[in-house]
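Residues per chain are reported as follows:
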Amino acid sequence: MTLIPKHPHLLRAYGDREGDGMVQMTFTLRISPGAQAKEVAKRFAEAHGLREPLISAMEECGPGYTYFVAYGHSIHHVDVSEVDVPEVKMEDLDKHDIEERIEHQIGRKVVVVGACTGFDAHTVGIDAILNMKGYAGEKGLESYKWFDAHNMGAQVENEALLARALAVGADAILVSQVITQRNSHKENASALITLMKERGLRERFVMLLGGPRIDHKLGLELGFDAGFGPGTLPKHVAAFVVQRMMERKQ
Amino acid sequence: MAQVPLDMKVVDECRRLAASIADDVQRFIDKHTTVGVERTVARAFGIEGVDDQGIPLVNMLVDRIHAQKLLGRGVAFFLGRELLRGAPNLQDAAERLAYGRSEITGEGPETEAQINAVLEQGVKTALKHMDDARDTREAMKARLGMADNPWKYVIVATGNIYDDAIQAKSAAHGGADVVAVIRATAQSLLDYVPHGATTEGYGGTYATQENFKIVRRALDEASEEFGRYCMQTNYSSGLCMSEIAYMAAVERLDMLLNDSMYGILFRDINMQRTFVDQYFSRRLIARSKIIINTGEDNYLTTADAVDAAHTVLASQFINEAFAHRAGVADENLGLGHAYEINPWLEDSFLLELSQAQLVRQIFPNHPIKWMPPTKFKTGDVFHSHVHDAMFNLVGITTKQSIELLGMFSEAIHTPLLMDRYLSLKSTKYIYTAAKHLGDEIEFKKDGIIETRARVVLNEAVELLTTVQRDGIWDSISRGAFADVKRTLTGGKGLAGVVERERAYVNPILSMLEGGAA
Ligand code: B12
């Protein structure tokens, strides 16, 4: 089934053939399984833009609740040319290049302070970036000769993080947020920026936000210089900090 | 039946070292108390209520005594003295002390014998309350029967206790044997236990006595309806670990996450505080015959699961030694471990099988708690489901006792109703399809699995040797476990640790330690 003519900008879901729009969807409804439930699920899928939906599974997953698997041809498409996403722009430098650049262009150690803030007790992400051990075989910033990295760990209050950054004369502050339930990550992160603005300190630091549910767009929205998500390596962070410091110098 | 070779001499040596490590700490524990322990004593005496700010009376009471630097005598001393001075009952005594206008002093003509005598009835009632709850639970278990091992354990974490109750029932309907309501994100750092039914919480629901009741009721209904006893779990951890243990005891919980070191390593709670608190919590747990779940699985989230496998085993010996010192029997000691090796590593499955079998054999009578992959889970839910299937296969083959089921949405959110259902379904399939696999196979002599088991045990004894030499305090400050370093005076809650005075009064602890009726 081809829903609309192909167009290079218009993206439809690809199942087995170009343009078939095939997608799979799973959901739970508060209804017991049966003929009526199946029809309800079908309409539910249709309401989501699935044509000719097939309810391929229907099982009671709790008293009075049913779980469904649906397949169908999605009528929707997205015009790629209309989508513009900010991406962190930086050179792809390795550790050696970065070290050299700091030595020659900055001429002193770059100081960074990182923490997982608020009630969040997840340290593995920030440790991956900062600690010697690093991540995916890449050593963290602690291992860089030209970085002075301070890792405050988890459950750090915004005030305490800021105080430490001032005390050690940090160039950059690295904030990690892992828990996202009810947007707690956004609230915590933007509270730090607000605090810094109130004290006239926002421009003093390069601000980085990271975590599994963070991307550059969100980082910017929350007032940071950049946002980093899953798979970030220490060298990405190092390269960005150095580049931003150079830009600011100019 | 598939067995890995076990050098019992090495196992015995591990136990000897762990005993010495725990004895060293026990000497410290026996000389100290904490605000948490004293609040628990007050709760056990039936003291309840909160003020208009939501601050529990037990906190006001204990903080006030602590502010006068008198907590080393024990809250029981003051309560008893207040009774001798005319308070009609313990609740009233607590209110007078907490809210009274005159300052609390340490002086008085009352003798220790008088204090103990006047508290005798209160102590009896406190223990009876716990014992009755335990007996009711045991009777219900006997009447309805329990499922075969591995018990299927799932998590509920909506943040709203009424939704939790619905989900708990649904889980039982889907075949869960154990339902854990996990605590709200920040609760472990609260130095009080919230009050009443709660409907707001991030990443979990507050552990409160009322919330325990609500879920117990739902699971009792489920047990009757489905004709099989459904167990309830919560967390006895954080700054209020002993208070929560007490609440769990009287509300008939079946299991508690309770670890001698978890709070230190994963919540940065001060180690002196944690060691004292864990002891009292475990005394209550032992009396109530609650099964504890220790938290060694977590080590493998911050440290590498291949390199640090022996730290899990070493810590299990230590947790066991601490638990024995608090009177917890082996059959209630659910030591934790996990399937957390990088799944893309060659033969990762064999290494997991080896460790699971090793732990099973070393602790044959313990209800071992086997934890699923979490760290290497990604948002690819389909792949994640396969990853969990491999975990289930190891669980049934090596006959783990309690298995926390993996969730395909682990990297995304706390489990949805449907996620839990699908996990239960595939676990049921694997448990059935491979029920006797472990009895049918043998491991190749000196093959990968046997060799790995030997290596892990030998590394564990080496680690225990160093920890025994340096003491646990120093060892933790050097990062012996989970790659996490904590210091003797660092972390939260140290201000709540108090040296016991010579005339320290804690008749509840004395009874628990004496094992008397
Ligand atoms: C390990 C773990 C734990 C460990 C944490 C140990 C530790 N010291 O960190 C323990 C067991 C303690 C734990 C506890 C809890 N956890 Co947890 N945990 C996880 C788990 C399994 C893995 C997280 C992890 O380590 N990932 C590996 C790291 C390397 O990845 P990362 O964080 O994404 O980091 C990378 C990038 O994001 C980036 N990055 C990260 N930070 C930063 C910062 C900067 C500046 C930059 C540039 C980059 C960057 O770089 C890193 C490397 O590439 C996840 C599930 C999962 N698979 O994701 C759940 C998970 C995160 N936990 C969760 C929950 C709910 C909890 C608890 C609240 C449970 C409870 N009720 O008790 C508690 C939290 C208590 C608290 N106060 O925070 C939920 C969160 C749900 C949500 N979306 O909000 C998850 C998703 C599990 C789930 N499905 O329920 N957890």
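Residues numbered from 1 in each chain as written. Chains lettered and ligands numbered in written order. Predicted model: local features only at pLDDT ≥ 70, side-chain atom pairs only at ≥ 80, totals over all residues. Heavy atoms only, no water.

## Re the site of the ligand
Taken together, 47 residues lie around the ligand, and Phe119, Ala121, His122 and Thr123 of chain A together with Glu410 of chain B are the ones closest in. Near the ligand, the surrounding residues are drawn from chains A and B. Here an oxygen atom of the ligand sits 2.6 Å away from a polar atom, N or O, in the main chain of threonine 123 of chain A. In the environment of the ligand, a nitrogen atom lies 2.8 Å from a nitrogen or oxygen atom belonging to the backbone of threonine 374 of chain B. (Near = heavy atom within 4 Å. Polar contact = N/O pair within 3.5 Å; in protein donor to acceptor, adjacent residues only side chain to side chain.)

## Details of the environment of leucine 83 of chain B
Along the chain, the position of leucine 83 of chain B falls in helix H4 (residues 75–84). Not counting residues up to four positions away in its chain, the partners in contact with leucine 83 of chain B are Pro88, Asn89, Leu90, Ala93, Val118 and Leu119 of chain B. (Helix = DSSP H or I, 4+ residues; strand = E, 2+ residues; numbered from the N terminus. Contact = heavy atoms within 4.5 Å.)

## Details of the sheet that holds strand E8 (residues 172–176) of chain A
Residues and elements named next belong to chain A. The strand order across the open sheet formed by five strands is E7-E6-E8-E9-E10, and the pairing between neighbours is parallel. Since the sheet does not close on itself, it has two edges, and those belong to strand E7 (147–151) and strand E10 (226–228), each with one partner. Strand after strand, the sheet turns through a mean of 20 degrees between neighbouring axes, direction not considered. Strands in contact with helix H5 (residues 184–198) are E8 and strand E9 (206–210); relative to E9, the strand with the most contacts, it is inclined by about 170 degrees. (Pairing = 2+ DSSP bridges. Axes fitted to C-alpha atoms, helices over the stretch in contact; angles between N-to-C directions.)

## So, the environment of threonine 311 of chain B
All names here are of chain B. By secondary structure assignment, the location of threonine 311 is in helix H13 (residues 309–325). Separated by 146 residues in the primary sequence, threonine 311 and leucine 457 have C-alpha atoms spaced 9.8 Å apart. Beyond its immediate chain neighbours, meaning those up to four positions away, threonine 311 contacts Tyr299, Leu463, Ala480 and Phe481. At a separation of 2.6 Å, a polar atom in the side chain of threonine 311 contacts the main-chain carbonyl oxygen of alanine 308.

## Considering the pairing of E9 of chain A
Residues and elements named next belong to chain A. Burial of E9 is extensive: five of the five residues sit out of reach of the surface. Here E8 runs beside E9; their pairing, made up of five bridges, is parallel. By the bridge assignment for E9, isoleucine 173 is matched with methionine 207. Following the backbone out of E8, through H5 and into the adjacent parallel E9, one traces a crossover that is right-handed. (Buried < 20%, exposed > 50% of the residue type's maximum accessible area, 1.4 Å probe, protein only. Right-handed = clockwise from strand over helix to strand, strands pointing away.)

## Some words on the domain arrangement of chain A
When its domains are assigned, chain A resolves into domain 1 (2–80) and domain 2 (95–249). The gap between the C-alpha centroids of domain 1 of chain A and domain 2 of chain A is 41 Å. (Domains from an automatic or database assignment.)

## Side note on the interface of chain A and chain B
At the interface, 23 residues of chain A touch 32 residues of chain B. When chain A packs against chain B, close to 2,100 Å² is buried across both sides, 54% of that on carbon and sulfur atoms. The largest per-residue losses of area from chain A upon contact with chain B belong to Gln155, Gln181 and Arg182 of chain A, which jointly make up 27% of the total buried on that side. Summed over the shared surface of chain A and chain B, the number is two salt bridges. Across the salt bridge formed by lysine 425 of chain B and glutamate 59 of chain A, the nearest N and O atoms sit 2.7 Å from each other. On inspection of chain A and its partner chain B, the count reaches six residue pairs in polar contact (both at pLDDT 80 or more). Tallied by class, the residues present in the side of chain A that touches chain B amount to nine nonpolar, eight polar and six charged. (Buried area = accessible area lost by both parts, 1.4 Å probe. Salt bridge = Lys/Arg side-chain N within 4 Å of Asp/Glu carboxyl O. Nonpolar A, V, L, I, M, F, W, Y, C, P; charged D, E, K, R; others polar.)

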